[in-house]
Amino acid sequence: MREKGIATIVMPGASCISACAVAFLGGVSRTVNGVYGIHRPYTIDPSAGPRDSLDQYNSMIRMLNSYMLEMRISPDLAEQMVKTSPENVRFLTPSEMSSLGVTGKDPVWEDILITKNARKYGISRQEYISRRAATANLCGKG
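Residues numbered from 1 in each chain as written. Predicted model: local features only at pLDDT ≥ 70, side-chain atom pairs only at ≥ 80, totals over all residues. Heavy atoms only, no water.

### Comments concerning the side chain of Thr8
Turning to step 1, where the next piece is worked out: Among the secondary structure elements, Thr8 is positioned in strand 1 (residues 8-10).
Turning to step 2, where the next piece is worked out: Reaching out from Thr8, the side chain makes a polar contact with the backbone oxygen of Phe24 at a distance of 2.9 Å.
Turning to step 3, where the next piece is worked out: With near-sequence residues (within four places) excluded, Thr8 lies in contact with Met1, Phe24, Gly27, Ser29, Arg30 and Thr31. (Helix = DSSP H or I, 4+ residues; strand = E, 2+ residues; numbered from the N terminus. Polar contact = N/O pair within 3.5 Å; in protein donor to acceptor, adjacent residues only side chain to side chain. Contact = heavy atoms within 4.5 Å.)

Here it is in structure tokens:
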């Protein structure tokens, strides 16, 4: 999704839980107007022995942490997921989603757009940012 510049959104009345909650983070801009729920991932083979189960779990946690880093999401989200058992889905508040980076714009993607738009208008990045801030101040953010 990042390579294609795709935004993700949870529409009003809709929910994004479990695997959706992880995939959702791939959007360059993320908006939740419904509910967003997290829990510990589980992909452990039920026929695996204790040692294999531990290895699979540790591998899954490493992949989750790596994904959060790559998506520029707070590592605290992965920690919150791991602490939440699958039968007790935790629904995040808008404030929690914002502070964890679940909602909002990817900072690198936003920088790319700023550069692209500044070039489009033939102005510096600083001037573009200044004009955008002035516009938001005069017209509201949205």
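### So, the side chain of Thr84
Turning to step 1, where the next piece is worked out: Topologically, Thr84 is positioned in the loop between helix 3 (75-83) and strand 5 (90-91).
Turning to step 2, where the next piece is worked out: You can call Thr84 buried: its relative accessible area is 8%.
Turning to step 3, where the next piece is worked out: Discounting chain neighbours no more than four positions away, the residues touching Thr84 are Ile38, His39, Arg40, Val89 and Arg90. (Buried < 20%, exposed > 50% of the residue type's maximum accessible area, 1.4 Å probe, protein only.)

### What about the packing of aromatic side chains?
Turning to step 1, where the next piece is worked out: Counted by the stated rule, this structure contains 2 aromatic pairs.
Turning to step 2, where the next piece is worked out: Measuring from ring centre to ring centre gives 5.6 Å for Phe24 and Tyr36, while their planes differ by 55°; the resulting arrangement is tilted. With Phe24 in helix 1 (residues 19-24) and Tyr36 in strand 4 (residues 35-38), the pair connects residues that are 12 residues apart, well separated along the chain.
Turning to step 3, where the next piece is worked out: Overall, the relative accessible area of 5% leaves Phe24 in the buried class.
Turning to step 4, where the next piece is worked out: Judged by its relative accessible area of 0%, Tyr36 falls in the buried class.
Turning to step 5, where the next piece is worked out: Centre to centre, the rings of Tyr121 and Tyr128 are 6.5 Å apart; their planes meet at 10°, and the pair counts as stacked. (Phe/Tyr/Trp six-rings, centres within 6.5 Å; stacked < 30°, edge-to-face > 60°.)

Everything listed is a geometric property; what it means functionally is a separate question.
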